[in-house]
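# Structural features, examined
In case you want the letters, here they are:
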Amino acid sequence: MTALVAGLTLPLLAAFAAIALPMRARVPAALLGAGLTLAASLWLAVVVWQTGPVTLSLGGWQPPIGIALRADGLGAALGVMTALVMTAVALAARHEMAASVAGPRAGFGFWPLMLLLWATMNAAFVSRDLFNLYVVLELITLSAVALVAISGKAEAIAAALRYLLFALAGSLLYLAGVVLTYAAHGTLDISLLAARMAAPSDALALGLMTAGLLVKTALFPFHVWLPHAHSAAPAPASALLSALVPKASLLILLRLWFEAMPDLAAPAALLTLASLGAMAVIWGGLLALAQARLKLIVAYSTVAQLGYIFLVFPLAGGDGGAQVWAAGAWTGAIFQTLSHGLAKAAMFLVAGIYLVAMGSDRLSDLRGMARALPMTGFAFALASITLMGLPPSGGFTAKYLLMTAAFASGQWAWALVLAAGGLLAAAYLYRPLAAIFARESAVAPRAIPRSWQAIPLGLAVLSVALGLLSSVPFEFLQIGRPDPAAEGL
Amino acid sequence: MTTALPVLLLMTSLLPAGVTFFLAQDSHALRNALQLGGAVLKLALIIWMLFAVADGAAYEAEFPLAPGLVVLLRVDALALLFISLSATLWFLTTIYAIAYFGTKAELSRFFGFFSLCVAATTGLALSGSLISFFIFFELLTLSTWPLVAHKQDKPSLRAARVYFAYALPGSAALLWAIIWLESATGPVLFTEPPDLSGLDPAALRAIFALFIIGVGVKAGLVPLHGWLPAAMAAPAPVSALLHAVAVVKAGAFGVVRVVYDVFGAENMTALGVGVPLAIVASFTIIWGSVRALQQDEIKKRLAFSTVSQVSYIVLGAALASPLAMIGGLVHLIHQGLMKITLFFCAGIFDERAGVKRIDGLNGMGAQMPWTSACFSIGALGMIGLPPLAGFVSKFYLGLGALEAGAPWVLAVLLASTFLNAAYFLPILYRLWFLPLASGAKGDDRAPGLVVPAVVTAAATVGVGMLAASPISPLGWATLIVTQGYGP
């Protein structure tokens, strides 16, 4: 329980320290906060592993009067992934700020925003109350939008504004759904909603909330804000935006469809969600193929990679939830969430290093970077293996589990999406890889310390290790896993 | 010990790979010691295991990743056949590669991936279940890509791209086939044939076709062979390894596993997929030979010859009669020995005489007697001259074809023999009988390059002469077939 509270309060305290302390002490305070929060997240995971889900009712008030927090395997695992990415980003940002002439705003704003984002992400992972989740989502959105705009360049401001408009529309839709739910049931607690009496407005409420969350998750066709927002931000911020931010709204979607209202999961709705995901996989992949800049390729790949996760709805949702393959499909989707987070953050951090070393992320300027900065080349290659879903990476485990479920349930079309998406990913990642590993290098790049190069490599290795050592994470994710068959009917 | 041994076997290449990546470019002694040490240790382990397995010992190690996703390493007779080949040839290729590269650039990267590639091949050989086979199959693709691209010039990068473009759709087909099959049968272990009754024959035929496409890309089955001649842009040791042990053989080994341990000879006949596979293999044998005839570069001709020769193994598997199986399995070893000899020699001709094209070989026999003699033995073996290795394979394949009631295969074998003669004998004629072109010179005073070639050439003679002894590849192949798959 202490670990749960620490994971929420430590980053907040550190965020305040990063604003209030004198200039010199801010970065050390932020880094200290990051280290402590990482420790708290790991500790929470250990506690969950040993004793099962950790539950906390705020102020001692039980729902429906109070608000419950609950860290299950899913929430704790996402918390650990977030902590690893955040720590890596913090370390990389320190290097990047030392190496580049960042504007005063970037130096001032980055640390508190990053830590605020961290605190709110952690809150999203453990919160059990739909309105509480709304507040958390708003805070995540606001810090994310600010991170996009932090450089102050015109294109960044434009991208941030577009993001803000989409996100606000999403928030309104979600809030409308929450209001309907509260009007019908008088509670917003996820566990209590699972045991509610069905009301006629439920379908509309779930639809509104889902639509809002889809916009925030940037699922096709709501993805248009994402690539430019993610690539306009400074590289460490891009890593946070692409690897972590969509995962919060995604998690709420999973909680709604698998825990709060699994009874409403009509086949048509599940099919729609997965079809949108499939289109995201194909369309995002095709657009990634057409980009000339590394950061845009990586950003469009996020659209595609998030699409896979939506295949979980027909494979493990609704009636399928009671089937033997449901656990595999559900866990596969979470594996995809985790391994994509690690690999995508690694890729953006590599892009950040190239931006500092070469002043550009155009593929034509990156030729031969692996020779000059070998560790970054390896990092990008390993992260690519994860995104292509090749063994023995975490991405492979995810795809294997999803594909097995697709075959077991007779829904072959989704397996086809997985296979095609993997080939598309190989195609769009081959171009940057070929450039990075080309022989020539036009200009000698700026020297980059090895300690900086090692950061993305570490994340990329973790994304592969998730596949090599997937049995423990697999079991971990089963802790407190919702069982719609038992709760739904 | 029974669980530790397969892991140890994998580690003899995996650990050197891991360490080599981090070595400085100029720490030649340490790098070479690591590579050779790993290779020798592995050979020793395998020899020890050969005796133990002949006595009936079984080795197994299991690593569960997720439900259904289990890496299972298991030593059986077929695994040992493949692994002894790869370990022996890896050792020789390592010596050759050290001499070949000398102090060229990026050697730590090269030898790192080189070892990783061998680790993948080892894992592939030891895989006891379909999904572990797939994992190592992919690891092999990934680890050979940097080897093909090693020179980083335009042709190499193009070759690497083409390789990927063929290999990845192939893997997708393989994974598709595996998951489709396992969705009906549960995880497939090679020790116990899966119960295929849950799938209708049409689905089983489709699965079989997907399997063959998946492994056939690596085995170079026409029309999936396009990457193989392109990959000739790679350095000579890589070509040698690719053609004799690693990639192409992994594909052929995969065909054998799929045919015998997944479907089983009986099911294959019942489904009527054996004959089509035999036809594809026969077509590949002829087509590869015809294309080889048209090549002017030594390595290109050898590459198409590989396309042709590897399909002997596929043919043996497809015919599914015991004698044909023996012929196919033994060719797995024999083709490896002969082809690696030829590639070693091609590399020596290039390095020591600057000869890449066939017309540059005129009169080299006197200049480079050792190399030319080894090349000649390899070529004659390929043609199938008794008592060399190739003859033994062809003899058994021919007998097997009669046994399987497919006498047309004899015509294929005969045609292939003539075509082999047609594209190899002119080279031998140039080597030994034509006068040296003015200004051309060469020597084979490079023991690091020549000795491995001499060893494999001697082995080509040896395995043919001693074919009747129980420790020969033929003896081992017979043991596998009579024990494991016999009627």
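Residues numbered from 1 in each chain as written. Chains lettered and ligands numbered in written order. Predicted model: local features only at pLDDT ≥ 70, side-chain atom pairs only at ≥ 80, totals over all residues. Heavy atoms only, no water.

## Examining the overall build of chain A
Each helix and strand counted, chain A has 22 helices and two strands in total. In terms of overall size, chain A behaves like a compact globule, its C-alpha atoms giving a radius of gyration of 21 Å where 489 residues would be expected to give roughly 23 Å. By principal-axis analysis of the C-alpha atoms, chain A measures approximately 65 × 55 × 45 Å. In chain A, the proportion of contacts linking residues at least 24 apart, taken out of those at least 6 apart, comes to 81%. Summed over all atoms, the accessible surface of chain A reaches about 16,400 Å², with 72% contributed by carbon and sulfur. (Helix = DSSP H or I, 4+ residues; strand = E, 2+ residues; numbered from the N terminus. Rg over C-alpha atoms; globule rule 2.2 N^0.38 Å. Contact = heavy atoms within 4.5 Å. Areas by Shrake-Rupley, 256 points an atom, 1.4 Å probe, with all protein chains shown as cover.)

## Observations concerning the UniProt feature "domain: NADH:quinone oxidoreductase/Mrp antiporter transmembrane" (unreviewed entry) in chain A
Under the UniProt annotation, the feature "domain: NADH:quinone oxidoreductase/Mrp antiporter transmembrane" (unreviewed entry) is placed at residues 127-417 of chain A. Within residues 127-417 of chain A, the helical portion is 76% and the strand portion 0%, while the C-alpha atoms at the span's ends are 33 Å from each other. (UniProt positions renumbered as here; feature names shortened; annotations may be inferred.)

## Points about the pattern of salt bridges
Residue and element names in this part refer to chain B. All chains considered together, the criterion is met by 15 salt bridges over all chains. The partner of Asp261 in a salt bridge is Arg257, and the shortest N-O contact between them spans 2.7 Å. Of this pair, Asp261 and Arg257 both sit in helix α10 (residues 247-263), four residues apart, roughly one helical turn. Assigned by exposure class, Asp261 and Arg257 land together as buried. (Salt bridge = Lys/Arg side-chain N within 4 Å of Asp/Glu carboxyl O. Buried < 20%, exposed > 50% of the residue type's maximum accessible area, 1.4 Å probe, protein only.)

## Some remarks on the side chain of B:Lys218
Note that B:Lys218 resides in helix α7 (residues 201-219). Every residue in contact with B:Lys218, bar those within four places of it in the chain, is listed here: B:Phe137, B:Leu140, B:Thr141, B:Tyr163, B:Ala167, B:Trp227, B:Val247, B:Val248 and B:Gly251.

## Section: helix α13 (residues 298-319) of chain B
With 22 residues, α13(B) should cover 32 Å at 1.5 Å per step; its first-to-last C-alpha distance of 32 Å lies within 8% of that length. By the criterion of burial, α13(B) is predominantly enclosed, with 21 of the 22 residues buried. (Expected span 1.5 Å × (residues − 1).)

## Observations concerning the interface of chain A and chain B
At the interface, 29 residues of chain A touch 32 residues of chain B. Here chain A packs against chain B, burying approximately 2,800 Å² in sum over the two surfaces, 78% of which is carbon and sulfur. Contact with chain B buries surface across chain A, with A:Tyr400, A:Phe407 and A:Tyr430 losing the most and accounting together for 24% of the total. Joining chain A to chain B, the criterion identifies zero salt bridges. Counting residues per element, the ones that place at least two in the side of chain A that touches chain B are α17 (374-388), α18 (394-408), α19 (412-436), α20 (450-468) and α21 (471-477) of chain A. For the side of chain A that touches chain B, the element with the highest residue contribution is α18(A), accounting for eight residues. Residue classes in the side of chain A that touches chain B are distributed as 22 nonpolar, five polar and two charged. (Buried area = accessible area lost by both parts, 1.4 Å probe. Nonpolar A, V, L, I, M, F, W, Y, C, P; charged D, E, K, R; others polar.)

## Observations regarding unusual backbone geometry
Across the junction of A:Phe220 and A:Pro221, the peptide omega takes the value 0 degrees, indicating a cis bond. Along the chain, A:Pro221 turns up in the loop between α8 (202-217) and α9 (226-232). In this model, B:Pro386 is joined to B:Pro387 through a cis peptide bond whose omega is 0 degrees. By secondary structure assignment, the location of B:Pro387 is in the loop between α16 (369-383) and α17 (389-403). In this model, A:Ala218 sits at a positive phi of 65 degrees, which is unusual for a non-glycine residue. Tracing the sequence through the fold places A:Ala218 in the loop between α8 and α9.

## Considerations on the UniProt feature "domain: NADH:quinone oxidoreductase/Mrp antiporter transmembrane" (unreviewed entry) in chain B
Taking the numbering used here, the UniProt-annotated feature "domain: NADH:quinone oxidoreductase/Mrp antiporter transmembrane" (unreviewed entry) corresponds to residues 127-418 of chain B. Taken end to end, residues 127-418 of chain B is 77% helix and 0% strand, and its first and last C-alpha atoms sit 38 Å apart.

## Describing empty space enclosed by the protein
Summed over the entire model, instances satisfying the criterion amount to four cavities of 30 Å³ or more. Going through the elements one at a time, α18 and α19 of chain A together with α5 (130-148) and α6 (154-185) of chain B are the ones with two or more residues in the lining of the largest cavity. The element that contributes the greatest number of residues to the lining of the largest cavity is α19(A), accounting for five residues. The volume enclosed by the second largest cavity comes to roughly 120 Å³. Lining the second largest cavity are 13 residues, with A:Ser41, A:Leu44, A:Gly79, A:Asn122 and A:Val126 positioned closest to its centre. Secondary-structure elements contributing two or more residues to the lining of the second largest cavity are α1 (2-20), α2 (23-51), α3 (73-99) and α4 (104-126) of chain A. Here the lining of the second largest cavity is built from residues that sort into eight nonpolar, five polar and no charged. (1 Å grid on protein atoms, 1.4 Å probe; cavity = no way out; pocket = protein on both sides within 12 Å on 5 of 7 lines; lining within 4 Å. Points joined across faces, edges and corners; volume = space filled by probe spheres on them.)

## Some thoughts on the packing of aromatic side chains
We describe a pair of aromatic rings using the distance from one ring centre to the other and the angle between the two ring planes. Residues and elements named next belong to chain B. Here the structure, examined in full by the defined rule, presents 39 aromatic pairs over all chains. Centre to centre, the rings of Trp145 and Phe164 are 5.8 Å apart; their planes meet at 50 degrees, and the pair counts as tilted. With Trp145 in helix α5 and Phe164 in helix α6, the pair connects residues that are 19 residues apart, well separated along the chain. Accessibility expressed as a relative area gives 13% for Trp145, which makes it buried. For Phe164, a relative accessible area of 8% translates into the label buried. (Phe/Tyr/Trp six-rings, centres within 6.5 Å; stacked < 30°, edge-to-face > 60°.)

## With respect to the environment of A:Ala243
Residues and elements named next belong to chain A. Along the polypeptide, Ala243 turns up in helix α10 (residues 235-243). Exposure remark for Ala243: the relative accessible area of 0% places this residue in the buried category. Taking the C-alpha atoms as reference, Ala243 lies 8.0 Å from Ala343; in sequence the two are 100 residues apart. If sequence neighbours within four positions are ignored, Ala243 has contacts with Met81, Val85, Ser238, Gly341, Lys344 and Ala345.

## Focus on the packing of helix α5 (residues 130-149) of chain A against helix α11 (residues 245-260) of chain A
Residues and elements named next belong to chain A. Here α5 crosses α11 at 165 degrees, and the two axes come no closer than 10 Å. The orientation of α5 with respect to α11, classified from their angle, is roughly antiparallel. The hand of the α5/α11 crossing is left-handed. For the pair α5 and α11, contact is made by Leu130, Leu133, Leu137, Ile140 and Ala144 and by Val245, Ala248, Ser249, Ile252 and Leu256, respectively. Tallied by class, the residues present in the contact of α5 with α11 amount to nine nonpolar, one polar and no charged. (Axes fitted to C-alpha atoms, helices over the stretch in contact; angles between N-to-C directions. Parallel < 35°, antiparallel > 145°, perpendicular 65-115°, else oblique. Left-handed = near helix turned anticlockwise from the far one by under 90°.)

## Re α20(A)
In this model α20(A) runs 26 Å from its N-terminal to its C-terminal C-alpha over 19 residues, within 8% of the 27 Å that 1.5 Å per residue would give. The complete set of buried residues in α20(A) reads A:Trp452, A:Gln453, A:Ile455, A:Pro456, A:Leu457, A:Leu459, A:Ala460, A:Ser463, A:Val464, A:Leu466 and A:Gly467. Those residues of α20(A) that are buried lie in contact with α3, α15 (326-358), α17, α18 and α21 of chain A together with β1 (59-66) of chain B.

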